[in-house]
Amino acid sequence: MAKREIIKAKQEKAMMRVSKFRADYTELRSQFERMKNESEAAARNELLSGASSSTGPLSPAAGDARRRFLGAQPPNGSPSDVSESPFRGPTPLPTSDMREQHALREHSFIQNTEARLEDFISQGRAVLDDLVDQRTVLKGTQRRLLDAANTLGLSRDVIGWIERRSTQDMYIFLAGAIFTFFCFYLIWHYFG
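Residues numbered from 1 in each chain as written. Predicted model: local features only at pLDDT ≥ 70, side-chain atom pairs only at ≥ 80, totals over all residues. Heavy atoms only, no water.

## Describing a positive patch on the surface
- On the surface, R135, K139, R143 and R144 cluster together to form a positively charged patch.
- For R135, the position within the fold is in helix 3 (residues 95-152). (Patch = residues over 30% accessible without salt bridge, like charges linked within 9 Å, V, L, I, M, F, W, Y side chains within 5 Å. Areas by Shrake-Rupley, 256 points an atom, 1.4 Å probe, with all protein chains shown as cover. Salt bridge = Lys/Arg side-chain N within 4 Å of Asp/Glu carboxyl O. Lys, Arg positive; Asp, Glu negative; His and termini not counted. Charge placed at Lys NZ, Arg CZ, Asp CG, Glu CD. Helix = DSSP H or I, 4+ residues; strand = E, 2+ residues; numbered from the N terminus.)

## Observations regarding the pattern of salt bridges
- For the structure shown, the criterion picks out three salt bridges.
- Here D169 and R165 are joined by a salt bridge, their closest N and O atoms 3.2 Å apart. Of this pair, D169 and R165 both sit in helix 4 (residues 156-191), four residues apart, roughly one helical turn.
- Judged by relative accessible area, D169 falls into the partly exposed class, the value being 37%. (Buried < 20%, exposed > 50% of the residue type's maximum accessible area, 1.4 Å probe, protein only.)

## A word on the UniProt feature "transmembrane region" (unreviewed entry) in the protein
- Mapped onto this structure's residue numbering, the UniProt feature "transmembrane region" (unreviewed entry) falls at residues 171-191.
- The span residues 171-191 is 100% helical and 0% strand by assignment, and the distance between its end C-alpha atoms comes to 30 Å. (UniProt positions renumbered as here; feature names shortened; annotations may be inferred.)

## Re the packing of aromatic side chains
- Applying the stated criterion across every chain, the model contains two aromatic pairs.
- Taking 6.2 Å as the distance between ring centres and 45° as the angle between the ring planes, the aromatic pair formed by Y185 and W188 counts as tilted. Of the two residues, Y185 and W188 both sit in helix 4, three residues apart, roughly one turn of that helix.
- Looking at Y185, the relative accessible area reads 43%, which means it is partly exposed. (Phe/Tyr/Trp six-rings, centres within 6.5 Å; stacked < 30°, edge-to-face > 60°.)

Structural data, given as structure tokens:
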């Protein structure tokens, strides 16, 4: 997948991660084999010498080896000699710090979302106010045009035809608006 990446920087970064992962895998595999050999040797020595559980799998020496293999810190608090993994930070974070960081990220996300919603609402209100202003201007223009047509002597039939046409246009507009809001609802319901 890394070789198929189109962006060169991402491809290099992915290849670096793959090589780091392979190096960590080989290191962990060698540590596992070494631990397995040590464990087998300790078990063999215990069987041959008849010693008690001083070097058994539950002994402190085996516990230290197991902690070194798993990357945990020994009980005395000194850090172990395990290489840095790309999937684990240099020092493990306490769960309370992780919870705080998660809560802070969640809080900032909610604040950003709230601010965006407020922007959308204010834009919607501004558009609605503009539409109301435009409607009043158009109504006034229509009234003036009809008055001018009456003074020019256009017949009542033509004026009635214009009014019917404007009524039909209003019905077409309302049907289109309802259809548009219905489509918005479907989009919000199924994709939102």
